[in-house]
Amino acid sequence: MSEVTPDKTLDARGLKCPMPVVKTSQEVKGLPVGGVLLVLATDPGSMADIQAWAKSTGNELVKMEKVEKEFHFLIRRVK
Amino acid sequence: MSEEPQKSVIMLMSGDFDHAFAAFTLASTGAAMGIETTMFFTFWGIKAIQKGNFTGKGLFGRMVGVMNRGGIDRIGPSKFNFGGIGRWMFKKMMRDQDVTALSELRQQAIDLGVKFLVCTTSMDVMEITLDDLIPGVEPAGAATVLAEAQQAQSQWFI
């Protein structure tokens, strides 16, 4: 997989459930279809929650990784 | 992804902080997930959408109004309230943990397009008028909730 560069970054570090998902959804809505959002989070629940959100909304979770104590998500707006 | 619209109905009966917190968390998250979400507030749950002014006309209505005043910021937890100390304690603990405040969570739900319905019978019994509620709440009854619940994939009674 070639590197995907985000069009925008959402800093959700320090936010607790449900805010990482809520903010992610708002930011993705602001992107054009095909746009990519990088989400930085620290809530351990966000690993499961962002996946569930992507599956439910039909947006693509391009990449998800744990970096030290943070969780990074690359999300592409599909529709 | 299925073709039919995803819907969720959340009925809040409780006027307790912890219950309201769960209800608004599910509502705002559901809306963020693209689920059409309706909240129905009944009996004590109405406190979560009151402006916080004194309500009631008759003696008992005014008594309820005094006991129930303050709206969402004066909602106490179902356990350990200790006459308001518990409310202060939980608020502080949540702030310390950077958990979103209840009133902010409610605003988030509104901004995400969650539909707010209120039980008119409960309002009449407790002598609460639409003017006592935050803007945007629509009056409704059991039939509306049942009809919405029939079309929803998930229904919550909190």
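Residues numbered from 1 in each chain as written. Chains lettered and ligands numbered in written order. Predicted model: local features only at pLDDT ≥ 70, side-chain atom pairs only at ≥ 80, totals over all residues.

(A) View of the overall build of chain B. Counting its regular elements, chain B contains 6 helices and 5 strands. Ordered by position in the sequence, the α and β elements of chain B form the string β-α-β-α-α-α-β-α-β-α-β. Taking 158 residues into account, the globule formula puts the C-alpha radius of gyration at 15 Å, and chain B, at 16 Å, falls close to it. Seen through its principal axes, chain B has C-alpha atoms that stretch 50 × 40 × 25 Å. Out of the 158 residues in chain B, the part that is buried amounts to 38%. (Helix = DSSP H or I, 4+ residues; strand = E, 2+ residues; numbered from the N terminus. Rg over C-alpha atoms; globule rule 2.2 N^0.38 Å. Buried ≥ 20, exposed ≤ 12 C-beta atoms within 10 Å, placed from the backbone.)

(B) Quick look at the interface of chain A and chain B. Between chain A and chain B, the residue contacts involve 12 residues of the former and 12 residues of the latter. Among the secondary structure elements, those contributing two or more residues to the side of chain A that touches chain B are α1 (19-29) and α2 (46-57) of chain A. Per-element accounting of the side of chain A that touches chain B gives the leading share, 4 residues, to α1(A). (Contact = placed C-beta atoms within 7 Å.)

(C) Region of the structure containing the sheet that holds strand β3 (residues 60-67) of chain A. All names here are of chain A. Sheet architecture is open: 4 strands sit in the order β1-β2-β4-β3, paired in mixed fashion. At either margin of the open sheet sits one strand with a lone partner, and together these are β1 (8-12) and β3. Direction aside, the axes of adjacent strands within the sheet are offset by 15° on average. Strand direction decides the pairing type here: strand β2 (residues 36-41) and strand β4 (residues 70-76), joined by 6 bridges, are antiparallel. By the bridge assignment, L38 is partnered in β4 with L74. Contacts between α1 and the sheet are confined to β1, β2 and β4, with β1 contributing the most and set at about 160° to the helix. Contacting β2, β3 and β4, α2 crosses the sheet at an angle of about 175° to β3. (Pairing = 2+ DSSP bridges. Axes fitted to C-alpha atoms, helices over the stretch in contact; angles between N-to-C directions.)

(D) Representation of the packing of helix α1 (residues 17-32) of chain B against helix α4 (residues 102-111) of chain B within the structure. All names here are of chain B. For the pair α1 and α4, the least separation of the axes is 9 Å and the interaxial angle reads 30°. The orientation of α1 with respect to α4, classified from their angle, is roughly parallel. With respect to the hand of their crossing, α1 and α4 are arranged in left-handed fashion. Residues F17, A20, F21, F24, T25, A27, S28 and A31 of α1 touch α4, and the partners they reach there are L102, L105, R106, Q108 and A109. Considered class by class, the residues forming the contact of α1 with α4 number 9 nonpolar, 3 polar and 1 charged. (Parallel < 35°, antiparallel > 145°, perpendicular 65-115°, else oblique. Left-handed = near helix turned anticlockwise from the far one by under 90°. Nonpolar A, V, L, I, M, F, W, Y, C, P; charged D, E, K, R; others polar.)

(E) Summary view of the nonpolar core. Residue and element names in this part refer to chain B. Ranked by internal contacts, the top residues of the largest apolar core, which has 54 residues, are A20, A27, M39, F41 and V118. No other element matches the 9 residues that α1 contributes to this core. Beyond its immediate chain neighbours, meaning those up to four positions away, A20 contacts L12, S14, A48, I75 and L102. (Core = buried A, V, L, I, M, F, W, Y, C linked by C-beta atoms within 7 Å.)

(F) Here's a closer look at the environment of W44(B). With respect to the helices, strands and loops of the structure, W44(B) is situated in the loop between β2 (36-41) and α2 (59-67). Spatially, the C-alpha atoms of W44(B) and I134(B) are 16 Å apart, while their sequence positions differ by 90 residues.

(G) Up close: the environment of E60(A). Residue and element names in this part refer to chain A. Inspection of the secondary structure assignment puts E60 in strand β3. Among the residues examined, E60 registers 15 C-beta atoms within 10 Å and is labelled partly exposed. Separated by 26 residues in the primary sequence, E60 and G34 place their C-alpha atoms 9.5 Å from one another. Ignoring anything within four residues of it in the chain, the contact list for E60 reads A54, I75, R76 and V78.

(H) Region of interest: unusual backbone geometry. With omega at 5°, the peptide bond leading from C17(A) into P18(A) counts as cis. Tracing the backbone shows P18(A) in the loop between β1 and α1.

(I) How the structure looks around the pairing of β3(A). Residues and elements named next belong to chain A. Direction of pairing for β3 relative to β4: antiparallel, over a ladder of 7 bridges. By the bridge assignment for β4, M64 is matched with F73. With antiparallel pairing between neighbouring strands as the criterion, β3 and β4 make up a hairpin whose turn holds 2 residues, including E68 at a positive phi of roughly 55°.

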